[in-house]
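An overview of the molecular structure
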Amino acid sequence: MPLADGMTEFLIVLVPGFSQLCMSSFIDPLRYANRLSGCERFRWRLISDDGTPVMCASGVRVCVDASLNEEAKLLKSKRLPDGIVVCTGEGIEHYQSAPLVALLRLCARRNVRLYGLGTGAWILAAAGLLSDTRCTIHWDTMAAFSETFEGLKLTDALFVEQKGIVTCAGEFAAFDLAISSVEHRCGSDVARSVCRFLTADRWREGESCPSSPWASLQRRERKANPPHSHYGKFCR
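Below, the structure is looked at part by part. (Residues numbered from 1 in each chain as written. Predicted model: local features only at pLDDT ≥ 70, side-chain atom pairs only at ≥ 80, totals over all residues. Heavy atoms only, no water.)

1. Some remarks on the overall build of the protein chain
Which entries qualify depends on this criterion: Numbering goes from the N terminus for both helices and strands, where a helix is a DSSP run of H or I of at least four residues and a strand is a run of E of at least two. Each residue's exposure class comes from its accessible area (1.4 Å probe, protein chains only) as a fraction of the maximum for that residue type: buried when under 20%, exposed when over 50%, partly exposed otherwise. It only takes one pair of heavy atoms within 4.5 Å for two residues to be counted as in contact.
Tallying secondary structure elements over the protein chain gives eight helices and 13 strands in all. Within the protein chain, the proportion of its 236 residues that are buried is 51%. Look at the contacts in the protein chain between residues 6 or more apart in sequence, and 67% of them connect residues 24 or more apart.

In structure tokens:
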């Protein structure tokens, strides 16, 4: 497959216990965008703390291409990726990784777009990268997240893009984020083709509220004065 002009490259960090659904929901739409557009519009590499396979929450081990330290050395001597994606899961509050924090801060200083999928916003916040930035996280972690990192501009949305940082609620919201990236880089026709190929009739806009208890509570509280609705984009 030929390389496309302006190809987008992602560096995806897999944290132990990550959601395999979240990872696949983000990667597979990019893979099909390559296939359906006839050229390599997206490329990605997987990395882990020590370069060894990482076990996801469902017990499947996923092989990676490099360790955090190896990748940090390469980033200082070669072209930077377009984005570094932190893919996480449950129990993220117990995960500590100085090399990952250092890598994220390095990428932030060099204007690489940062992505936090699922509970990835927790690591971005711990690295001090979410100050004065709207962000979101999986609804099940919102309460603990807001208590741990006071003062953050937390919002209940599928994904939020601001100031070079993208946070995503994860799971199927990662699919919506990926399709949004496909639409932005490849156009609406390719995005709709990817949806049709994956038997999805639409993708949702980032500001849509996820189907969660947190979102249901907010909708009840705002019922008297409902906000502007964000409908998904249908594939026809």
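2. Focus: a positive patch on the surface
Spelled out, the test is: Like charges are joined within 9 Å and nonpolar side chains (Val, Leu, Ile, Met, Phe, Trp, Tyr) within 5 Å, but only among residues with over 30% relative accessible area and no salt bridge; these make up the patches. All accessible areas in this document rest on Shrake-Rupley with a 1.4 Å probe, and a residue is counted as covered only by the protein chains that are shown. Note on definitions: salt bridges are taken to be side-chain nitrogens of Lys or Arg within 4 Å of carboxyl oxygens of Asp or Glu. His is not counted, nor are the chain ends; Lys and Arg add positive charge and Asp and Glu add negative charge. Here the site of a charge means atom NZ of a Lys, CZ of an Arg, CG of an Asp or CD of a Glu.
A cluster of basic residues, Lys73, Lys76, Arg105 and Arg109, forms a positive patch on the protein surface. With respect to the element layout, Lys73 can be found in helix H2 (residues 68–75).

3. Some words on the pattern of salt bridges
Within the structure shown, the criterion is met by five salt bridges. Between Asp28 and Arg31 there is a salt bridge; the shortest N-O distance is 3.3 Å. Within this pair, Asp28 and its partner Arg31 are both found in helix H1 (residues 20–37), separated by three residues, close to a single helical turn. We classify Asp28 as partly exposed; its relative accessible area is 28%. Residue Arg31 is classed as partly exposed on the basis of its relative accessible area, which comes to 39%. Across the salt bridge formed by Glu71 and Arg45, the nearest N and O atoms sit 2.6 Å from each other. On the criterion of sequence distance, the pair formed by Glu71 in helix H2 and Arg45 in strand E2 (residues 40–48) is long-range, its members being 26 residues apart.

4. Brief notes about the pairing of strand E7 (residues 113–117)
Note the following rule: Only strands joined by at least two bridges in the DSSP assignment are considered to pair. Handedness of a crossover is defined as follows: with both strands directed away from the viewer, a clockwise route from the first strand across the helix to the second makes it right-handed.
The buried fraction of E7 amounts to four of the five residues, a majority that puts the element mostly inside the structure. Note that strand E6 (residues 83–87) and E7 share five bridges and pair parallel. Residue Gly83 lies in a different strand from E7, and its bridge partner there is Arg113. The parallel pair E6 and E7, bridged by helix H3 (residues 98–109), forms a crossover whose chirality is right-handed. Alignment of E7 against strand E11 (residues 165–168), held across four bridges, turns out to be parallel. Looking at the pairing, Gly116 lines up with Thr167 of E11.

5. Looking at the environment of Arg45
The test is simple: Contacts described as polar in this section are N or O atom pairs within 3.5 Å, which, within protein, must combine one atom able to donate a hydrogen with one able to accept it, while residues neighboring in sequence count only if both atoms come from side chains.
The exposure class of Arg45 is buried, given its relative accessible area of 18%. Not counting the four nearest positions on each side in its chain, Arg45 is found in contact with Glu9, Phe10, Leu11, Ile12, Asp65, Ala66, Glu71 and Lys78. Here the side chain of Arg45 touches Glu71 through a polar contact of 2.6 Å, side chain to side chain.

6. Details of the packing of H1 against helix H7 (residues 188–197)
This is how it is decided: An axis is simply a line fitted to the C-alpha atoms; with a helix, the fit covers only the stretch in contact. Between two such axes, the angle follows the N-to-C directions and lies from 0 to 180 degrees. Geometric relationships in this document are graded by angle, where less than 35 degrees denotes roughly parallel, more than 145 denotes roughly antiparallel, 65 to 115 denotes roughly perpendicular, and other angles denote oblique. Throughout, a crossing is termed right-handed when the near helix is turned clockwise from the far one, and left-handed when it is turned anticlockwise from it by less than a right angle. For this scheme, ten residues count as nonpolar: Ala, Val, Leu, Ile, Met, Phe, Trp, Tyr, Cys and Pro. Four count as charged, namely Asp, Glu, Lys and Arg, and the remainder, Gly too, count as polar.
Between H1 and H7, whose axes approach to 9 Å, the crossing angle comes to 115°. One finds that H1 runs roughly perpendicular with respect to H7. Between H1 and H7 lies a crossing whose hand is right-handed. Contacts between H1 and H7 involve Pro29, Tyr32, Ala33, Arg35, Leu36 and Ser37 from the former and Val190, Ser193, Val194 and Phe197 from the latter. A class-by-class count of the residues in the contact of H1 with H7 yields seven nonpolar, two polar and one charged.

7. As for the nonpolar core
Most often, soluble globular proteins have nonpolar side chains that are buried together. Selection criterion: The set of buried Ala, Val, Leu, Ile, Met, Phe, Trp, Tyr and Cys residues whose side-chain atoms join them within 4.5 Å is what this entry labels a nonpolar core.
Core analysis: the biggest nonpolar cluster contains 40 residues, and Phe10, Ile12, Leu14, Phe18, Phe26, Leu177 and Val182 have the highest contact counts within it. Among the secondary structure elements, those contributing two or more residues to this core are strand E1 (3–14), H1, E2, E6, E7, E11, helix H6 (173–186) and H7. Ranked by the residues each element gives to this core, the list is headed by H6, at eight residues. Residue contacts for Ile12: discarding those within four places in its chain leaves Phe26, Ile27, Trp44, Arg45, Leu46, Ile47, Val85 and Cys87. With 35 residues, the next largest nonpolar core counts Leu75, Ile84, Trp122 and Ile165 among its residues.

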